[in-house]
Structure formats: C-alpha cells, structure tokens
Amino acid sequence: MKISLDWLGDLVSWDDSTEELAAKLTAAGLNVEGIEEFKVSFPGVVIAKVLKKEQHPDADRLSLCQVDAGTGEPVQVVCGASNVREGLTVVFATVGAVLPGNFKIKRSKIRGLQSFGMICSETELELGSDGDGIIELAAELPVGTPADELYGYSDTVLDIEVTPNRPDWLSHIGVAREVAAIYGTKVSFPRTWSSQQTGESLGMKVRILDYADCPRYSAFGARNVKVGPSPKWMQNRLLAIGSRPINNVVDITNYVMFETGQPMHAFDQSKLSDTTITIKKAEKGVKVVTLDGMERELAEGTLLVCDGQGPVALAGVMGLANSEVEQGTENILLESAFFDSLLVRKASRGLGLVSESSYRFERGGDWEMVVKAAHRALYLFQEHTGAHIVTDWADRFDPDRSPPKDIPLRIWQVNRVLGTEISTDQAATALQALGLKVLPLGNPASSNSSAVNVMVKVPTFRRDLFQEIDLIEEIARSYGFDNMKDGAGYAGSTAGQRNTTDIALAKIRTWFAACGYNEIVTSTFMAAGDLQRLEMPEDDLRFQSLAVMNSHSGGDLNLRTHLLPSALDVIRRNINSGAAIPLRLFQNNRVYWPAGRKAEKPLQADDRLLPEEPSFLQFAVAGNKENGLDGVPADLLEIKGVVEALSSYLRVPLVLNVVDAEPWLVPGQQWTIHDGEGSKVGSAGRVTSKVLQANEIDVKVSVAEINLDLLDLEPAEMKYEPFARFPEVKRDLSLLVPDGTVYGDLEKVVLESGGVHLESVELFDIYRGQGVAEAHGAYGIRLKFRSAKGNLKGKTVDFAINQIIEALASRLKIEHR
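The text that follows walks through the structure, step by step, so that each part is easy to find. (Residues numbered from 1 in each chain as written. Predicted model: local features only at pLDDT ≥ 70, side-chain atom pairs only at ≥ 80, totals over all residues. Heavy atoms only, no water.)

**A word on the packing of aromatic side chains**
To keep it simple, the criterion reads: Only centres within 6.5 Å qualify two rings of Phe, Tyr or Trp (six-membered ring in Trp) as a pair; their planes then separate them into stacked at under 30 degrees, edge-to-face at over 60, and tilted for everything else. Put simply, DSSP H or I for four residues or longer makes a helix, DSSP E for two residues or longer makes a strand, and each gets a number counted from the N terminus. Accessibility here uses a 1.4 Å probe with only protein chains present; expressed as a share of the type maximum, an area under 20% marks a residue as buried, one over 50% as exposed, and anything in between as partly exposed. Criterion for a charge above a ring: Arg CZ or Lys NZ at most 6 Å from the ring centre, at most 35 degrees from the ring normal.
Taken as a whole and assessed by the stated rule, the structure comprises 15 aromatic pairs. Ring centres of Trp 367 and Phe 397 lie 6.4 Å apart, and the angle between their planes is 80°; this geometry places the pair in the edge-to-face category. One end of the pair, Trp 367, is in the loop between α8 (356–361) and α9 (369–385); the other, Phe 397, is in strand β24 (residues 394–397), with 30 residues separating them in the sequence. The class for Trp 367 is buried, based on a relative accessible area of 10%. Residue Phe 397 is classed as partly exposed on the basis of its relative accessible area, which comes to 38%. Their ring planes at 65° and their centres at 5.8 Å tell us that Trp 593 and Phe 616 sit as a pair that is edge-to-face. Pair noted here: Trp 593 is in the loop between β31 (583–590) and β32 (615–622) and Phe 616 is in strand β32, with a separation of 23 residues, a long-range link. Given the relative accessible area of 10%, Phe 616 is considered buried. Above the plane of the ring of Tyr 359 lies Arg 363, whose end atom (NZ or CZ) is 3.7 Å from the centre.

**Re the sheet that holds strand β1 (residues 2–4)**
Definition in use: Strand pairing is assigned whenever DSSP detects at least two bridges linking the two strands. All axes are obtained by fitting lines to C-alpha atoms, using only the stretch in contact for helices, and the reported angles, taken between N-to-C directions, cover 0 to 180 degrees.
Read from one edge of the open sheet, 3 strands run β1-β12-β2, paired in antiparallel fashion. Each end of this open sheet is capped by a strand with a single partner; those strands are β1 and β2 (31–40). Between one strand axis and the next, the sheet turns through 25° on average, direction left out of account. Two strands pair when backbone bridges link them, and β2 and strand β12 (residues 153–161) are joined in this way by 9 bridges, in the antiparallel orientation. Looking at β12, one finds that Glu 37 is bridged to Thr 156.

**Quick notes on the nonpolar core**
Convention followed: What we call a nonpolar core is a set of buried Ala, Val, Leu, Ile, Met, Phe, Trp, Tyr and Cys residues that are connected through their side-chain atoms within 4.5 Å. The contact definition used throughout considers only heavy atoms, calling two residues in contact when any of these lie within 4.5 Å.
Core analysis: the biggest nonpolar cluster contains 53 residues, and Leu 8, Leu 158, Ile 160, Val 179, Val 249, Leu 334 and Phe 381 have the highest contact counts within it. When residues of this core are assigned to their parent elements, the largest contribution, 9 residues, is made by α9. Ignoring anything within four residues of it in the chain, the contact list for Ile 160 reads Met 1, Ile 3, Leu 30, Asn 31, Val 32 and Val 175. Counting 35 residues, the second largest nonpolar core, distinct from the first, contains Ile 208, Phe 267, Val 305 and Ala 347.

**Focus on the packing of helix α11 (residues 424–433) against helix α12 (residues 468–479)**
Think of two packed helices as two axes; the pair is described by the angle between the axes and how far apart they sit. In plain terms, the rule: Throughout, the term roughly parallel applies to angles under 35 degrees, roughly antiparallel to angles over 145, roughly perpendicular to angles from 65 to 115, and oblique to all others. For this scheme, ten residues count as nonpolar: Ala, Val, Leu, Ile, Met, Phe, Trp, Tyr, Cys and Pro. Four count as charged, namely Asp, Glu, Lys and Arg, and the remainder, Gly too, count as polar.
Interaxial distance between α11 and α12 falls to 9 Å at its minimum, and their mutual angle equals 90°. Classified by the angle their axes make, α11 and α12 are roughly perpendicular. For the pair formed by α11 and α12, the contact residues are Ala 427, Ala 430, Leu 431 and Ala 433 on the first element and Leu 471, Glu 474, Ile 475 and Ser 478 on the second. Of the residues assigned to the contact of α11 with α12, the class counts are 6 nonpolar, 1 polar and 1 charged.

These figures capture arrangement, not role.
In structure tokens form, the structure reads like this:
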C-alpha cells in the first residue's frame, strides 16, 4: 500500500521527520519498505501576458504574438490556438523548458518566422483533456510567476508492506489510526454526506439470493451528474500513489477506496434495465465484456451483480461495459457492498483479473465502512460533479449476522507473556489508542491468574482479533517493544530501507517473469526416496536430513536438502495435466543441511544444533525439442544463456566451467557455476534420462541451481562509454576444428591473440559432413574490429587475423580453411 503523506496529514498529525515516522511505523508492525518522493513540476514554464497579436503572413490559422514573460523584453512566439488574443494571461513555456513526456522547447522557425517558446494548452502540460485552445488565466496573476506555483505538486509516499490479516491498513484512514496511536493524537475523519429524508425514492431495490455470498449490499443514487475531470488536488494524490486519473466519477470512487479501504462501483443508472439489482451466482457458459474491453467466459458459480437482463458487474472484481459511466452519464447508481472474500478471490484468480477492488475484498471488508464510505463518496459527488444526492437508499444485509464477539482480557496474562508490569489502565489506554473499546469489570486491579479485568469490544475494521493473545500482541505494539525487559527493545533504524539481498531477489523475480518463466512455490519437505531417484551417492552430506518428531499428520516428514525433486514433481504434474511445453519454471527457496556450516557466533548455545539453511535460486526448462548449432539441445543452450544473461542483468559475476560435478546431470552436458573469485556457487546442465525415468517424466529437462548465500549480490558499479565514432570491420573465418575441442577454449585463444582492436567474436555456424575431414567440424566465426581513434586499415586487420590463425594452429591444432 502506498501512503501519501500529504493525504495522511489531512487525517492525523505527527511531529517527526519522514524517516522517524517510517521507523516508528515499522516498529509498530507496518513494515515501511520504501520512501519515495513524488513531484509534478514544470521547469521553465511561467505565467505570461499576450501583448500583441497579428495574423501570420504566411498561414491563415497561425498568429504571431508578442508575449511578456517577465523578462523585461517582449518575446515573439507563433501560436495556432483560436482563443489567443491581446491582453490574455497565459501559461508560457520558455526556450529550454521541458514539458511532460520529456518534450523540450527549442527556438524554431515556423513558416519563415522565429518562435521563441510555446503558449500551452491543458493537454501539453497534462493538466486536462482540453487541447482545442490555450489555458486562459486570471488577469491579475503577475507575469513571470513560475507555473509550479499554480500547478506544481510535491509529496512523499511511504511504501508499506501489508500483511493479509490487516486489510484495514489498505487505506489512509487505517494507517492514520496507527499514527494516532503512536503519537497520542486523534484521527480527523473526512467530511461525509448528511442524509435528510425528503420522501424522495431511489427507484431501485436490492435482492440477495444467498447472504453467505453477499452479507451486505447498499445502493445510492446521484442525479444530474456532470462527468468531467476531477479536481487537480485529487488527481495529484491519486498519481502520487500510482493510480491513473480517469474522470471525476471514477476518480472519486477510487479516491474513497484508497482513503477508507472500501471498494465501490458506479453504474450509469440509465443503462440498467428493471428496478431491481440482484446478487447471484453465474450459471455455466455465461460470457461478459468487462470494463477493459475483454470478453470473458465465466466459471459456473462466479458471483455477479445483475439487473433485469443479466450481469452488470463481476462482484468485487470489475464492472462490465454495458453499465459503464461515460461522458454523457447523468444519473449514477453507487454500489457499496460486503462480498464473500473466497468467491471474489476465486473469480479474480480464475479470470486472471486482479484489481485494487478484488485485492481488498479478498482480505475481508469492514461492515460499518460499507455505508460510511458511500456517504463520503456522495459528499464528493456533490462537491465535484454538481450532483443531487437522492435521500433514499437501499441497504440490504443479513439479519442473522452476529457482531464480533467481545474478548476477555487478564492483566496477569498480559504481563506473563510480555514480561512487563503493565497496569490495567495502561493496557486499556494502549487498546483504546488503536480504536478498540474497553469495558472495565468489577475487578480491574486484580492480578489473579484467572481474573478477567476488562472486556474488549472489537470494531468491525479489526478482522484479525479473536482471542486474548491477539489483544496482548496489540498491547505490545502500542506499549512499545523498546520498553520490554531484558534489552529486547526493537531498533527500527532501517525502516524504509531494503537490504541488498531483498533488492536482488525482487529484480530476479521480475526478470524471470519478463523472460517467460513461471515462479513455483514448493513444499519444504521431501518424500522418502527423492534423493535416491537423483542417483546421489549415499555418502553425500545431503542425505543427512531433519525429520519432524511425533507427527500426527502423516505425509512427508523430512526437511528437504535439495530443490530438484520438488521442481521435477511440478514438471511431472504439469506435463501429465496437459500443460503446453516447453515449461519454464523458477523458484527461490531454502534447503536444510544438518551437516552444513554452523553459526560462528551463536546467540544461544543450542543454535549450533540448527541446520544450515542456504537460499537457492533454481530455474528449469522442460520439453524443448529443438536443437541449436551442431545438434546441441536448445534447452541446454537456453539454461547456459540464462545464467550469462542473469549475470549481466544483476551485474554480479557468474562464470560457467565445463566440469562433470553432479550425478543427476548428463556427463559432458553440465557446468559448475563460479563467482568472480572462482568459488563454486552452483551447477547447471541437462538432467539424465535415468533420473527423469525414475521421476516419471518423459520430456527432456535442463536445470540450473545457484546458492545465493554464497554470492555477493551487491551489483558492480555501472560503467558508461561514449558511442563509437568509427565503423566496425567484420571478417568471417572458416576453421577446421578437431572433435573434442571446447568452443570456450577456441574463443579464449581468439580474444587473447586478436589484439586491442578485436571487439567481439561470434560463432554463427557448425558443419560436419561432405568436404570436411573426419573427426573434425567446420566452424564459422565472425570477428568484429574497431578503433576508437579512427578508421581501421586493411593491413591492421589482416595482421590481427594472421595472429589469430597462428595462435589457433599452435595451441589447439585448429586449421584455417
């Protein structure tokens, strides 16, 4: 969740720097992963006045203007807007200004006349959609005033990791509650619509077929809406947290969702048939067109919002095109609901359609916020769309729903668990600061182990509180981990910072996904016989594993010592279920080695008994039947290429050496992977047919594994070089290469002997057969030469090639054809 501090400041106050706020939020459980600066700025753009306007002598639709931009001298500019006129105050981009889209204003000649800047429209500054004319400003604005004073915006944004059990943190109000608890301030809730019954009718009814699917659905009406751009302050806040403004109606529903955590949807009421909204599940074979223009076939049981003719929205996921709010929409039906989280998740994942709305519904909603958030949106509709709000609304809910149960709390248990001496008053204050209601009982000061001191009423926005231990955790957060005994205080100085490993892992996941690889998450346990099926020798230390004692669940009991069995299991299941090949998979998971390295400086004596838990990156290609040059399997070439490309992307050295090191990989078709200092960090190659048969896999598989704990993931410094000024010289060589020669050795000799002008060497062909000596292959390589000082002469290149040919002949017995 991205939190705008400008937005948050309207809801709550604090008296710390951004870094201190982030540290305290992290200490309270809201892990701040990053602090970002957001800025909308228009450098070089100023307020100006049109002093004179004349017709361009060579263009009917252009004007020649003299503009006062506050520099003391009039500026000549050619303008094509129909509304430009003398005396008009405008927004003027001077020469050198940079507009959105990295568009730089330069001095130019238009139809023979010089133009020193540009008078701007809304679209050119991305301030709106009106590009037909230039912006007209109030006449009293002083010329030369930077446009940033009118249109600039800056904000600081916190990127907060939200755990699945805290959906209330997916809103600015939810985070504001935490800030208020930390700093002892209060949350200022935003203004909402105040209902006044006038006898006016909404004209719509709500019918819910099964309250288990939708415990609550509310509908509200807004009439005489004028659809247009939302106010600039709202657009800026949405942009700051990564949401694209669309129009005032859609922006208001999105704004209120990010503010309150309650998703809403606006229907064009004129497009709804009948006067009843029905919440029901889809039958088999239903097809719909969603707001993104995609036609989708729905699985049976998908929860729908329907009018008299059929679906108008995928409940909790996305609206449909047949009820979309458009420019001419006048009457709106606003939906605010409480949908079943499992049904929303099933529909969202089944359709591959994850939205901000579904993300929140999947984690559970706030019962009371259904109506409160709608009233907030209705207030904004009044203010920014000119709407008349219908005083009648529909609110259908499960009459048998039970409110959250009160939780008894014993102060004795609080202090026993936390090692504190907190009083009943202190505990009550801590809970009340978080928005919980505390009811003292007849024995609030008792320290008896069985005495219940207070009853705590759980608000509907706290769906994670069920029992006493949950309350104790809340007291610990509010009381402060720093205040615990035995020096167990929490140090949050790294809030807003991510360590090198986390940054690298995030880049790795993004990169593999972009390359077409699917991430898999596998069990930390391995089955009996997994290692035997890898043909590993029994004296391999990875045969030593930890087992769960006194297990009552059955199943696999040993912690895995290798990732390959889990990857092969995923491949087998996907192939058997008809998945398209080739499969490309990757995972980042830990293995557990009891015989591995022990902690050098254990915090506790028993820590020496713990296993080594290295983190491995594994990626695999299965089912690629193609071959590359000289019949080399394409999957093997791909794995090698991925290792090399990953090394380049991360700027971390990974060197492949042809060595037969692992028994489950084909001899002669495997590498060891080394870091920049030559230490082994992994292996890569093609899995043997025997291992594949033992795992019931009938396609070829190539795999690589890298122990990330052995790598220094700090990227090497980026180096930049100027573009080459002089052309390259290409030469192709045909070489007669003895069988058994490793191409890597050939390339090494070429690079070492080719001289300072040799830029690259590329293998482009291998031929064996008629015309080629027995036990040899004809290799075609392409050499590229270049000098940074000038054009290379033919003699220089010829000399370098002769050196290469002589070195290949003497060192590798390779002949030039």
